[in-house]
Amino acid sequence: MSENNAIFDDPRKVFAKALVELGEINPDVIYISCDSSLGASGADFNKRFPSRHFEFGIAEQNAMGEAAGFATCKKIPFIAAYMPFVAFRCFEQVRDDVCKTKLNVKIMGNNCGFSVSALGATHTVLEDVSVMRALPNLTIFSPCDGPEYYQAAFAAAEIDGPVFIRIHRQKAIRLHNDDFKFTPGKGEILKKGKDITLISCSSMVANTLEAAEMLLGAGVDAEVVNLSTIKPLDSDIILESSAKTGRVATVEEHNIKGGLGGAVAEVLVKSNPVKMKMIGINDLFAVVGEYDELIEYYGLSPEKIFESIMDFLNTF
Amino acid sequence: MSRLSADDLKMLLEKSYMCRENILKMMRNAEGHIGGAFSSLDMITVLYNKILRHDPKNPKWPQRDRFILSAGHKCLALYAVLADQGYFDEEILWTYGQFMTKVAMHPEEKLLAGIEFPTGSLGHGLPVAHAIALAARLDNMDYRVFAMLGDGECAEGSVWEAAMSAGHYKTDNLVAIIDKNGLQVNGSTYDVMSSAPLQDKFKAFGWSTAVIDGHDFSQVYECLESVPFEKGKPSCIVANTTKCKGLDFAEGKFQYHHWHCEPDKIDEAIDIVNLAKSKELENVGK
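Residues numbered from 1 in each chain as written. Chains lettered and ligands numbered in written order. Predicted model: local features only at pLDDT ≥ 70, side-chain atom pairs only at ≥ 80, totals over all residues. Heavy atoms only, no water.

(A) The overall build of chain A, seen in detail. When its secondary structure is counted, chain A shows twelve helices and 14 strands. Taken over the C-alpha atoms alone, chain A extends approximately 60 × 45 × 40 Å along its principal axes. A burial count over chain A gives 63% of its 316 residues as buried. Sequence-distant contacts, at least 24 apart, represent 78% of the contacts inside chain A between residues at least 6 apart. With 31 positive and 42 negative side-chain charges, chain A shows a spacing of 5 Å between the two charge centroids. (Helix = DSSP H or I, 4+ residues; strand = E, 2+ residues; numbered from the N terminus. Buried < 20%, exposed > 50% of the residue type's maximum accessible area, 1.4 Å probe, protein only. Contact = heavy atoms within 4.5 Å. Lys, Arg positive; Asp, Glu negative; His and termini not counted. Charge placed at Lys NZ, Arg CZ, Asp CG, Glu CD.)

See below:
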């Protein structure tokens, strides 16, 4: 896609719009925030439905327990907080009160990856997928662009059970057309190819597509797969594509240990153990810097992804 | 103020001791948290027999009052009372300790009618209870939510997050009952981690509070009958209790927080509990 024609969406605004629409459709949808209700992905909901917005302050353990309690009363709570606080601070509430009970709680992890990297490593979460993926009953969405964020919100509401949605702060280039239909649990091939399978999610889908363009210029025809549902993982698309290409690389703005790379490897090692490269953050806490600086520093720019994959292909 | 009759007192006493006997029978199969079960049992007996609006034949009745046992390890008491109330067949009690029993060492709502929410990890019940109370407000319903906590449990930060939240939202259909038996796994709560003064702390968080003797049926009943103590405030009852109440050799000893009784000693323990019952029955109406 040429930059000139590109449309960029703010994931938080898209999600906020979807939440209001969900609130209109279903009076049981409520919104829970932890001192993050303004300017976040539920920003419009509290204005439109003030009686269905519950602010619980900087107290995420309580907020997650409250979300579970509301869900026992047939409410559909969407609970939002900065990623470290909603994924880690209240992890046991997520595990015991939400996942073990299979309650209808939708967890919005705001500012995933390097979204707010200038705030430092406390706020730069690169482990949420690793941790949340281990929880039974939890569906995990990691959308890549505006249309996918929008539909993921509706899909989350329709699922009868807990859903964790990773929401990025950086504006996302629109990759899907209006007629796009998001299907939970299904990956999608964004570019067909035969030489290597590139699998990514969230912010890294756009960079991977750009890297694939560069690869094509170097004579490598890569297949690009968007795995926006990390759990349950679409093992069919991984196995079908890898059977065709014989090589796989994953690209994620996340720790490769337990992240998307780990998830894909778990599928491949059982059924089709092809050579694999995991591109992402290799088990460290991030340095401080602006988003683009960190993307470059950790090798996640399209150019760096291209170089990594060329190295990988030259090795195997 | 509504008061208990002598017949009510006798009925409650007999039921609570019958439940103690049943708990000991369950413990023929396996160890259990007898200390907290026996300290909370009298209050749970009053709740289900005299306070809660509930229907054992329709456990999901939307208008029911809810009881959340935040200190989930006290569940032997809840199981015995629920069985007596007819939520499930008493035979289920005797499966305690067996593979895939429905009466596990911590309560599971998917296994057993009458369990509102699964608990076990401490500090989880009050946040859940508060949301259920807020949901009543959203749905224009008048049910009340009673959460029972342990005093040791009050060391969990999430208890105070929820306490702050209920004070903030002025949730007066929420009642927290603290079973203050003064003991926890490693000893006295004053030595392990003092949560005192509990009443003042809840008051400071915007609650209306009362202190009672958690084994005095009349006090328990009259206190629970009078909630909310203040309109626009959640109610907290700090109930002074005796760990392992009714089993004299174990009363007030932290070593009986969790007890593995030799199966051949159970009958002896039952005799001791029945002796305690007889003594208390003699005093009814005096």
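Once the structure has been displayed, the description carries forward.
(B) Looking closely at the sheet that holds strand E13 (residues 247-255) of chain A. Residue and element names in this part refer to chain A. Here five strands make up an open sheet; going across it, the order is E9-E11-E10-E13-E14 and the pairing mixed. Either end of the sheet is taken by a strand with one partner, and the two such strands are strand E9 (188-191) and strand E14 (275-281). On average, adjacent strands in this sheet sit at an angle of 25 degrees to one another, irrespective of strand direction. (Pairing = 2+ DSSP bridges. Axes fitted to C-alpha atoms, helices over the stretch in contact; angles between N-to-C directions.)

(C) Geometry of the domain arrangement of chain A. Residue and element names in this part refer to chain A. Annotation of chain A at the domain level lists domain 1 (3-173) and domain 2 (188-315). Centre-to-centre separation of domain 1 and domain 2, based on C-alpha positions: 25 Å. Counting from both sides, the interface comprises 31 residues of domain 1 and, opposite them, 35 residues of domain 2. Here domain 1 meets domain 2 over a buried area of about 2,400 Å², counting both sides, of which 56% is carbon and sulfur. Taken as a group, Phe114, Leu126 and Arg133 account for 30% of the area that domain 1 buries against domain 2, more than any other trio of residues on that side. Put simply, domain 1 and domain 2 have one salt bridge between them. The tally of links from domain 1 across to domain 2 stands at 20 residue pairs in polar contact (both at pLDDT 80 or more). Here the side of domain 1 that touches domain 2 is composed, by residue class, of 16 nonpolar, ten polar and five charged. (Domains from an automatic or database assignment. Buried area = accessible area lost by both parts, 1.4 Å probe. Salt bridge = Lys/Arg side-chain N within 4 Å of Asp/Glu carboxyl O. Polar contact = N/O pair within 3.5 Å; in protein donor to acceptor, adjacent residues only side chain to side chain. Nonpolar A, V, L, I, M, F, W, Y, C, P; charged D, E, K, R; others polar.)

(D) View of the interface of chain B and chain A. With 22 residues of chain B at the contact, the number on the chain A side is 26 residues. Taking both sides of the interface into account, the surface hidden between chain B and chain A amounts to around 1,900 Å²; carbon and sulfur atoms contribute 57%. There are two salt bridges connecting chain B and chain A. Lys75(A) serves as the salt-bridge partner of Asp139(B), at 2.5 Å between the closest nitrogen and oxygen. Among the elements that take part in the side of chain B that touches chain A, helix H4 (residues 125-138) of chain B stands out by supplying eight residues, more than any other. When its residues are assigned to classes, the side of chain B that touches chain A shows twelve nonpolar, five polar and five charged.

(E) Quick peek at the sheet that holds strand E6 (residues 139-141) of chain A. All names here are of chain A. Strand order in the open sheet formed by seven strands is E3-E2-E4-E5-E7-E6-E12, with mixed pairing between adjacent strands. Here the strands that pair on one side only, and so sit at the sheet edges, are strand E3 (53-55) and strand E12 (229-231). Here the strands of the sheet are splayed against their neighbours by 20 degrees on average, with no regard to which way each runs. Where strand E5 (residues 106-110) and strand E7 (residues 163-167) come together, five bridges link them in parallel fashion. Bridging across to E7, Ile107 finds its partner in Phe164. Lying on the sheet, helix H1 (residues 11-25) is in contact with strand E2 (29-33), strand E4 (76-82), E5 and E7; it crosses E7 at an angle near 145 degrees.

(F) Main features of the state of the cysteines. Residues and elements named next belong to chain B. Scanning all chains against the criterion turns up zero disulfides over all chains. With no disulfide of its own, Cys236 lies 7.6 Å from the sulfur of Cys154, the closest cysteine sulfur. In this structure Cys236 comes out as buried when scored by relative accessible area, which is 0%. Left without a disulfide partner, Cys244 is nearest to the cysteine sulfur of Cys261, which lies 10 Å away. (Disulfide = S-S within 2.5 Å.)

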